[in-house]
Every structure is written in C-alpha cells, then in structure tokens.
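Chain by chain, the residues run as shown.
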Amino acid sequence: MTSNMATFRFSNIFDIRAERILVIVGMLIGSVAAIWAYAQQMPAWVIAATLIAGVLPAYTRHVWNIYTTHGWWSALLTSLVAAQSFHGVEHVVQWIQYHILRMPFFKASGIISAANAEWVHFLWNWAVLLIMVVLVYGGLRNKFAWMMLAWTFAHTAEHTYLMWQYQQTLAELAQLGAWGTSAQGLPGFFGR
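Treat the numbers as computed from the prediction; the structure is a model and nothing was measured.

(A) Focus on the overall build of the chain. Helix and strand counts for the chain stand at five helices and zero strands. When the helices and strands of the chain are placed in sequence order, the string is α-α-α-α-α. Within the chain, the fraction of its 192 residues that count as buried is 26%. Pairs at least 24 apart in sequence give 56% of the contacts found in the chain among residues at least 6 apart.

Below you can see the structure in the form of structure tokens.
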C-alpha cells in the first residue's frame, strides 16, 4: 500500500509540473500571438482569443484531471466557473469603458463586442441555468450550490425579462419605421 501511495504522489507531482509547463508555454505562445495581433491592429477580441488559445491546452488537461479524479460534476462545475469568470471580466471591461474611459454606451461593449447582443446574453444565461440544474440534480447539493442556483435563476429571469423588453421595443421601433435600430442596453427590472 505504501508503494501505491508513493506512485500516486509522484504521478500527482508529475501532473502538476506538466500543467505548469503547459501553462507557461501556452502563455508565451499566446502572448507572442497577441503582440503580433496588436501590432497588426486587430480587434481586441482577436487579441483576447489568442491569449485564451494559448492556455486552452493546459486548461483542458486540468479539467480532464479533475474529471478523472473527482468525476463529471466537478469537471463541469470547473468549466462553468471558468466560463462565468471570463464573462465577469467582460462585464468589468464594459464598466471600465463606460464609467472610466467615458465611452458612449453603444461603444462600451467589452472585449468581444460581437457577443454583446441581447440574444447572446439570453441564451448564455439559460445555458448556465440548465448546467446548474444538472449539477444540483447530479449530486452537487451544498449551501453554495443552492445559492449559485438561486442566483443563476434570478439572473436568467432578469435576462428573460430583458429579452421580452428588447423584442417589444424592436416591434415598437418597426411600427415607427425605424428599421435596423438596436434596442440593446435597456434596463431590466433591477436596472430600473
């Protein structure tokens, strides 16, 4: 039993070192690609995508290690937290653009400006809610999971209301003959 424990510990150390090497190499490659994209005056989302692509192999290995060690629900939760963290960074960038850099609201659209659309937010939040329901149904039932599920439900309800309001406003604009006008950025029931 002792030799198995020693092998287990050695393999964990190897996995941690391999992940660190993948992260460092990925960050270097992603940084060089991002600098090149910046020098070519490419949009911010291309620069961000090159950085993300650099660390994606290491992150994929990390999620696989979590899956093989702790199971599918833990790997899914890890992926969800990473995706929501990037989503949060996107909103922080939008906040900085609007409040600190004083960009007009229609230009303060974050790093991935093409994804700043009401349909994207609506579908994203429904996908996150469904993933949380699967996680809770699959056995993730501690107080933090219940709090996250409640928050996700409230946030999805907000974006569902925003989608309804968006569709109503587009219909009103169409009746006025204002085709091609966006109704993005309307306040939700918490925003009012």
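(B) Just the environment of T160, in detail. Mapped onto the elements, T160 comes out in helix α5 (residues 143-175). T160 sits in the partly exposed class, given a relative accessible area of 30%. For the pair T160 and G188, spaced 28 residues apart in sequence, the C-alpha to C-alpha distance is 9.3 Å. Each residue touching T160, except ones within four places of it in the same chain, is listed here: F122 and W126.

(C) Representation of helix α2 (residues 44-70) in the model. In this model α2 runs 36 Å from its N-terminal to its C-terminal C-alpha over 27 residues, within 8% of the 39 Å that 1.5 Å per residue would give. Helix geometry: α2 is bent most strongly at L56, by close to 45°, with proline P57 lying one to four residues after it. For α2, every residue scored as buried is listed here: V46, I47, A48, G54, A58, V63, N65 and I66. Just beyond α2, the residue with positive phi is G71, at close to 110°.

(D) View of the nonpolar core. Formed by L80, V128, L129, M132, L135, V136, L140, A145 and L149, the largest nonpolar core amounts to nine residues. When residues of this core are traced back to their parent elements, those giving at least two are α4 (118-137) and α5. It is α4 that provides the largest number of residues to this core, a total of five residues.

(E) Structural context of the confidence of the model for the chain. Per-residue pLDDT for the chain averages 78, and the proportion of residues at 70 or more is 84%. Per-residue pLDDT stays below 50 along residues 1-11; that stretch engages in zero contacts with residues further than four places along the chain or on separate chains.

(F) Spotlight on a nonpolar patch on the surface. Residues W64, Y67, W72, W73 and V134 make up a contiguous nonpolar surface patch of about 530 Å² in total accessible area. You can see V134 is positioned in helix α4.

(G) Structural detail: the packing of α4 against α5. Where α4 meets α5, the closest approach of the two axes is 9 Å, and the angle between their N-to-C directions is 155°. When the axes of α4 and α5 are compared, the pair comes out roughly antiparallel. The handedness of the crossing between α4 and α5 is left-handed. Its residues assigned to classes, the contact of α4 with α5 comprises 16 nonpolar, eight polar and one charged.

(H) Representation of unusual backbone geometry. One non-glycine residue, R102, lies in the positive phi region at around 60°. Assignment of secondary structure puts R102 in the loop between α3 (72-100) and α4.

Quick notes on the rules
Residues numbered from 1 in each chain as written. Predicted model: local features only at pLDDT ≥ 70, side-chain atom pairs only at ≥ 80, totals over all residues. Heavy atoms only, no water. Helix = DSSP H or I, 4+ residues; strand = E, 2+ residues; numbered from the N terminus. Buried < 20%, exposed > 50% of the residue type's maximum accessible area, 1.4 Å probe, protein only. Contact = heavy atoms within 4.5 Å. Expected span 1.5 Å × (residues − 1). Bend = angle between axes of the 7 residues up to and from the residue. Core = buried A, V, L, I, M, F, W, Y, C linked by side-chain atoms within 4.5 Å. pLDDT = per-residue confidence, 0-100. Patch = residues over 30% accessible without salt bridge, like charges linked within 9 Å, V, L, I, M, F, W, Y side chains within 5 Å. Areas by Shrake-Rupley, 256 points an atom, 1.4 Å probe, with all protein chains shown as cover. Salt bridge = Lys/Arg side-chain N within 4 Å of Asp/Glu carboxyl O. Axes fitted to C-alpha atoms, helices over the stretch in contact; angles between N-to-C directions. Parallel < 35°, antiparallel > 145°, perpendicular 65-115°, else oblique. Left-handed = near helix turned anticlockwise from the far one by under 90°. Nonpolar A, V, L, I, M, F, W, Y, C, P; charged D, E, K, R; others polar.

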